[in-house]
Amino acid sequence: MARYRGRHAATGQGSTAGRHRISGGTRLRRGLGGTAVAAVVMAALTASQAPGVGLGGPQRDDGNGRTDAVEDRTPGDGSYHTELPPLESPNPPGDEAPGGGTESGIPASLLAAYKKAAASLSSSSPGCGLRWELLAAIGKVESGHARGGAVDKDGTTRQPILGPVLNGQGFASIKDTDGGEWDGDSTYDRAVGPMQFIPSTWSRWGADGNGDGRKDPNNIHDAALAAGQYLCAGGRDLAVKADLDRAVLSYNNSAEYLRTVLAWFEYYRKGTHEVPDGEGVLPTSPGAGGAGDSSGGTASPGRGHGSGDGGSGGSHKPDKPGKPDKPGSEKPDKPGGPEKPGDGNGGDDGNDGDNGDDGGSPSPGPTAPAGLEAVSPGSFTAVAGEDFTERPRVRAEDAQGKGVEGVEITFEVTGRTGASFDKGAKKFPVRTDAKGLATAPVLHAGAEPGDFVLRATVQGGKLKPVEFRASVTAPQPDGLARTGEAALEGAAGEDIAAPVEVRATHKGEPVPGAVVKAAMADQGKGPYFTDEDGKPLRTLQLTADDKGVLKLPPIHAGDEAGTWTLILRTGSAELKLELTVKG
């Protein structure tokens, strides 16, 4: 994920080489004449790109309140693979299975991680509309799916995948921010992992996608979830073309990068298939995770265009979530990227998007929150076995009371309760949106009634948490029905012959312990129950057994012939039974 401020040194030579466009349903590709020329053009195309700084030195205010800060504000370093997918569909006529082509094969661990991250975001950020194919497209372009799936059983790369050293020589100059923890370089930063995050960005956007308690940019599950959260930031709806373009451009501010990612996105949407880890197609263009990159990402950086066969999906690094500018220096993400995307294929205005203008898709990055406040009621209730309809919401605010975007909020279920998030999870991290708001995912009440606390905390625990009181109540019956069909009748002066047995249910399921009130409609005469002393009793309160069934005591017919009504009520359910007394 890399974002550039510099201009292409060779835009004129390379803006059309190997470019893949889609217009009116037709795809065109213009390839280079030879690999030597391609290498020169690739190097020229990327050498001037850098996240957060132009090669000509620190940028100045453009007069519109925007500046090109020295700090990187997006995911990556600017290098990425530029091989394009084949022109034909992944499922050409005659193929038995979708995605039958070599290039459409995605290594099993990476395919699972992309899908898992998208599913997680569909719950935590339902309005984003992130598709797993977009993560796959970025993973393809950034690292060739982690060198064709060269990961261990936990999804961690078997050897480091590193971008070029960000020392100002062809790329931005970004001093070390992680003490070499992730990139092994204590002097300068380098993009790391299958989704190519620079360490400063990972420090804020890193995620734990596999639930092992660690956030590792080298692990595809962690990196895919972090990339998804980054793409969804700012309240984007990726089903909207303009928002989709802005999200990809925020990962790497380049029109060609946008076109390349969207080409693979469309290709994967038409069909993919799983291949074993380690058997994915390697990209041939320079970049992290490429065929010639066996030493941890030291291959010559560049924007390779491949051989023109579309067979591999390079690993040119997208802008990695980089360290955001200092508080107050970054404008919020505004509609329309620097490329003015929206022409259906990422836009093509004659440049490659890296014009030094940060005008439309700044990388989201939170300032330090000063407080956490509840913006929804402090208590909520659900029926056992169902979901809570309310979703608690909090707001992270800075010292001036403004919402802070990108803050990781952890919602945690505490106390002895069966309540949980999806798949039994007791904790769930959510990042604040552009307004500083974070909403808890759907919470399942569990089977047992009781009370518990849902706590929202900011990562690091330096701010006072927000607590919501929750109650799980026993289900109330919405149905009452007799278990038998015998007529309820008897002779005057005797008992009603057939016993009365009733089952209480909620949504068709028995309600153990349901409390039911039974009353004769006419309280002055007609049939009646009797108390312990044998005195007439025309109203009773009964409790159902563990199967939701209750049996009424014998009913005395009374001395007067006629038809009488017995009414049973519980919850929202009511049952009326006719009692016939014969003279």
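Please read all numbers here as calculations on a predicted model, not as lab measurements.

## A word on the overall build of the chain
Helix and strand content of the chain: eight helices and 23 strands. Of all 583 residues assigned to the chain, the portion counted as buried reaches 53%. Taking as baseline every contact in the chain between residues at least 6 positions apart, the subset at least 24 positions apart corresponds to 72%. Total accessible area on the chain stands at roughly 24,100 Å², and carbon and sulfur atoms take up 49% of it.

## Some points on the packing of helix H6 (residues 220-232) against helix H7 (residues 241-251)
H7 packs onto H6 with a crossing angle of 125° between their chain directions and a minimal axis gap of 9 Å. When the axis of H6 is compared with that of H7, the two are oblique. Relative to H7, H6 is oriented so that their crossing is right-handed. Counting all contacts with H6, which are made through Ala227, Tyr230 and Leu231, the residues of H7 involved are Ala247, Val248, Ser250 and Tyr251.

## Considerations on the layout of surface pockets
What the largest pocket holds in volume is close to 680 Å³. What lines the largest pocket is a set of 25 residues, and nearest its centre among them are Ser120, Asp208, Gly209, Phe428 and Pro429. When residues of the lining of the largest pocket are assigned to their parent elements, the largest contribution, seven residues, is made by helix H3 (residues 108-124). Residue composition of the lining of the largest pocket, by class: eight nonpolar, ten polar and seven charged.

## Description of the confidence of the model for the chain
Per-residue confidence for the chain gives a mean pLDDT of 75, with 71% of residues at or over 70. Below a pLDDT of 50 lies the segment residues 1-74, which in the model reaches 251 contacts outside its immediate sequence neighbourhood of four places, other chains included. For the stretch residues 92-100, pLDDT sits under 50, and the model shows 16 contacts to residues farther than four places along the chain or on other chains.

## What to know about the nonpolar core
Judged by nonpolar contacts, the single largest core of 54 residues is most densely connected at Tyr114, Leu130, Leu134, Met195, Leu231 and Tyr251. Among the secondary structure elements, those contributing two or more residues to this core are H3, helix H4 (132-149), helix H5 (199-205), H6, H7 and helix H8 (255-269). With nine residues, H6 is the single largest residue contributor to this core. Within the second largest apolar cluster, 29 residues are counted, among which are Val413, Ala438, Ala445 and Phe468.

## Digging into the state of the cysteines
Going through the model one piece at a time under the given rule, you end up with one disulfide. Across the disulfide, Cys128 is cross-linked to Cys232 (sulfur-sulfur distance 2.0 Å). Its S-S torsion of about -80° marks the bond between Cys128 and Cys232 as left-handed, since a negative value means left-handed. Remark: Cys232 occurs in helix H6 and Cys128 occurs in the loop between H3 and H4; sequence separation between them is 104 residues. Under the relative-accessibility criterion, Cys232 is labelled buried at 8%.

## What about the environment of Val516?
Looking at the secondary structure, you find Val516 in strand S17 (residues 515-520). Linking Val516 and Gln541, residues 25 residues apart in sequence, is a C-alpha distance of 5.8 Å. Filtering out sequence-adjacent residues up to four positions away, Val516 remains in contact with Leu480, Leu540, Gln541, Leu542, Leu550, Leu568, Arg569 and Thr570.

## Some thoughts on the sheet that holds strand S23 (residues 573-582)
Read from one edge of the open sheet, five strands run S14-S23-S22-S17-S20, paired in mixed fashion. In this open sheet, the two strands that pair with only one neighbour each are strand S14 (489-491) and strand S20 (539-543). Averaged over all pairs of adjacent strands, the angle between strand axes in this sheet comes to 25°, irrespective of strand direction. Relative to strand S22 (residues 562-570), S17 runs antiparallel, the two being bridged by four bridges. Paired with Lys517 across the two strands is Arg569, which belongs to S22.

## With respect to the environment of Gly493
Within the secondary structure, Gly493 sits in the loop between S14 and strand S15 (501-506). With 65 residues separating them in the primary sequence, Gly493 and Gly558 have C-alpha atoms 5.2 Å apart. The contacts of Gly493, once residues within four sequence positions are left out, are His556, Gly558 and Asp559.

## Structural notes on the pattern of salt bridges
The tally for this structure, following the rule as stated, stands at 14 salt bridges. Put simply, Arg455 and Glu467 hold a salt bridge, and the shortest N to O gap is 2.8 Å. Of this pair, Arg455 sits in strand S11 (residues 450-458) while Glu467 sits in strand S12 (residues 466-473), placing them twelve residues apart in sequence. Glu467 sits in the partly exposed class, given a relative accessible area of 36%. In this structure, Lys582 and Glu489 form a salt bridge, with 3.5 Å as the shortest nitrogen-oxygen distance. Residue Lys582 is located in strand S23, and its partner Glu489 is located in strand S14; the two are separated by 93 residues in the primary sequence. Each member of the salt-bridge network shares a partner with another, and the members are Lys215, Glu408 and Arg431.

## Here's the deal with the sheet that holds strand S9 (residues 427-431)
Strand order in this open sheet of five strands is S6-S12-S11-S8-S9, and the pairing throughout is mixed. The open sheet has two edge strands, strand S6 (379-383) and S9, and neither has a second partner. In this sheet, adjacent strand axes meet at a mean angle of 25° when their direction is disregarded. Summarising the sheet, strand S8 (residues 408-414) and S11 pair through six bridges and their orientation is antiparallel. The partner of Glu412 across the bridge, within S11, is Arg455.

## Let's talk about H8
Owing to its 3.6 residues per turn, the α-helix aligns residues three or four sequence positions apart on the same side. Along its 15 residues, H8 runs 21 Å from first to last C-alpha, staying within 8% of the 21 Å computed at 1.5 Å per residue. Two or three places before Glu256, at the opening of H8, Ser254 has a side-chain oxygen 3.3 Å from that residue's backbone nitrogen.

## Re the packing of H3 against H4
Running from amino to carboxyl end, H3 crosses H4 at an angle of 150°, the nearest separation of the two axes being 10 Å. One element, H3, and the other, H4, form an angle in the roughly antiparallel class. Here H3 and H4 pass one another in a crossing that is right-handed. In contact with Leu110, Leu111, Tyr114, Lys115, Ala117 and Ala118 of H3, H4 contributes Trp132, Leu135, Ala136, Gly139, His145, Ala146 and Gly149.

The rules we used
Residues numbered from 1 in each chain as written. Predicted model: local features only at pLDDT ≥ 70, side-chain atom pairs only at ≥ 80, totals over all residues. Heavy atoms only, no water. Helix = DSSP H or I, 4+ residues; strand = E, 2+ residues; numbered from the N terminus. Buried < 20%, exposed > 50% of the residue type's maximum accessible area, 1.4 Å probe, protein only. Contact = heavy atoms within 4.5 Å. Areas by Shrake-Rupley, 256 points an atom, 1.4 Å probe, with all protein chains shown as cover. Axes fitted to C-alpha atoms, helices over the stretch in contact; angles between N-to-C directions. Parallel < 35°, antiparallel > 145°, perpendicular 65-115°, else oblique. Left-handed = near helix turned anticlockwise from the far one by under 90°. 1 Å grid on protein atoms, 1.4 Å probe; cavity = no way out; pocket = protein on both sides within 12 Å on 5 of 7 lines; lining within 4 Å. Points joined across faces, edges and corners; volume = space filled by probe spheres on them. Nonpolar A, V, L, I, M, F, W, Y, C, P; charged D, E, K, R; others polar. pLDDT = per-residue confidence, 0-100. Core = buried A, V, L, I, M, F, W, Y, C linked by side-chain atoms within 4.5 Å. Disulfide = S-S within 2.5 Å. Pairing = 2+ DSSP bridges. Salt bridge = Lys/Arg side-chain N within 4 Å of Asp/Glu carboxyl O. Expected span 1.5 Å × (residues − 1). Polar contact = N/O pair within 3.5 Å; in protein donor to acceptor, adjacent residues only side chain to side chain.

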